[in-house]
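Coordinates in review
For reference, the chains in residue letters:
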Amino acid sequence: MVLKKGATGGSASIMLYNVLWVDVETSSITIKFAATKFSKASVKPSCLTYSYELPSLSEVESWAMTLLQLAYEDSQIQKRFKVLINPFGGQGHAKNLFEKQSLPLLSAANCTIDVETTEYRGHAIEIAKNIDIDAYDAVICCSGDGVPSEVFNGLAKRDDAIKALRRIAVCQLPCGSGNAMCWNLAGTGDVSVATLSIIKSIRKPLDLVSITQGEERFLSFLTQSFGIIADVDLGTEELRWMGGYRFTVGLMHRLWKQTVYPCDIAVGVAVDNKETIRDHYRQGVGQDDDDDPSSETGGLPPLQFGTVDSQLPPDWQLIHHPNMGNFYAGNMAYVSAGADFFPASLPNDGLFDLVCINGTISRRSAMAVLLSVETGAHFKLPQVSYRKVVGYRIIPHKRVGVEEEYISIDGERVPFAPFQAEVHSGLGTVLAKGHLYQAPGV
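Described in the following lines is the structure provided in the data block. Every value quoted in this text rests on a predicted model; they were computed, and no experiment measured them. (Residues numbered from 1 in each chain as written. Predicted model: local features only at pLDDT ≥ 70, side-chain atom pairs only at ≥ 80, totals over all residues. Heavy atoms only, no water.)

**So, the overall build of the chain**
On a plain count of helices and strands, the chain comes out with eleven helices and 22 strands. Scaling as 2.2 N^0.38, a compact globule of 442 residues should have a C-alpha radius of gyration of about 22 Å, and the chain matches this with 23 Å. Taken along its principal axes, the extent of the C-alpha atoms in the chain is 80 × 45 × 45 Å. Nonlocal contacts in the chain, meaning residues at least 24 apart in sequence, comprise 77% of its contacts between residues at least 6 apart. Taken as a whole, the chain presents about 19,600 Å² of accessible surface, with 52% of it coming from carbon and sulfur. (Helix = DSSP H or I, 4+ residues; strand = E, 2+ residues; numbered from the N terminus. Rg over C-alpha atoms; globule rule 2.2 N^0.38 Å. Contact = heavy atoms within 4.5 Å. Areas by Shrake-Rupley, 256 points an atom, 1.4 Å probe, with all protein chains shown as cover.)

Rendered as structure tokens:
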């Protein structure tokens, strides 16, 4: 779109994707848009105002609406957002990041905004459990990945859980340490660019995973880990000041020691051949989303495979793994910036991905895996077991002489005890830049 800038004869080119809103007055029109900063790594709101002389105001209003429809395409205009700010996540800058880099863009796009600051761990669960699902289109989490997980679980605790999970979309501004949701759905670690993506994003069904442990049942949207990843994620809290680098430092230390984490595992495998997994991914590239069954009522869907205390399904064989190095299940491609751990992951295929790596492989092989995760090339390595699964049960074993053992669900610590997981196709909803994750794929 090319706009003439008055008598100067110059012009300004604005991508349709960057157009936020159009204000029409009786003799002028103002186009609000996201302007690229000099760094080209972030955006800020800007506007251009032009006078006009036309016989009918309705013609100008019609033109403005046509422009907005072209600019938003399949995305909803004037979204209604509940914004949750976690003041404790990451390095504690979430409030400042939102107010300076996000709020101006949301206001320029004429979005409805209701801001609330979380005050303690689990607060977002309470907020989501009691939210008016007819008053908002989405919840923006200004945080790391912990608050989105809490929002999904708060919606899951409602009597109308299925309806709520499909009515309220969940999205993230990157204000924490990992920010995996944002990297997968918006493809950026910049708050302003992520805000623009959220404004222009489409609603997308997301598979969610039920976890049962003891008497508890809760949801996971991102990852479940036992072994080196959980150990690094939760056992390096003293390095949180390093941001994302703490994962690299902790991982290198444990790989060098060839640490193993014994466990018993039973898996419901859907696809275990890498070439078939690649074909499955490529078929999913063009798949259409299922119709939104938001009219469904009731709480969470029943568990197809029972709980962790149920008898194992007949095709799930429990196998002892004394030398497990990394047991890592994921529902999204990126687990953090530059870590495409599950490159074959699809948002809504009714499956999730399981990576297992033996802890006794050579340090050279372990380094090869580590260095290839950034691009997802570890998928091809023979020392990496990569499967598409519908569920699993894991029984971790405590190691002699080790005081602290870890299991991580969506980056949060859970009790060191057996648990079972099973996937629910399209149970959740997110705002996404496209129909696939913003990752290269396989």
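**Things to note about the packing of aromatic side chains**
Applying the stated criterion to the full structure yields eleven aromatic pairs. Ring centres of F352 and Y392 lie 6.0 Å apart, and the angle between their planes is 40 degrees; on these two criteria the pair is classed as tilted. Here Y392 lies in strand 19 (residues 385-396) and F352 lies in strand 18 (residues 352-358), a separation of 40 residues in the sequence. A single burial state applies to F352 and to Y392, both of which are buried. Ring pairing ties together the aromatic residues F327, F352, Y392 and F419, which thus form one cluster. Taking NZ or CZ as reference, K200 lies 5.4 Å from the ring centre of Y17, over its face. Over the aromatic face of Y72 sits the side chain of K200, whose NZ or CZ is 4.7 Å from the ring centroid. (Phe/Tyr/Trp six-rings, centres within 6.5 Å; stacked < 30°, edge-to-face > 60°. Buried < 20%, exposed > 50% of the residue type's maximum accessible area, 1.4 Å probe, protein only. Lys NZ or Arg CZ within 6 Å of the ring centre and 35° of its normal.)

Read these as layout, nothing more, since geometry by itself doesn't imply function.
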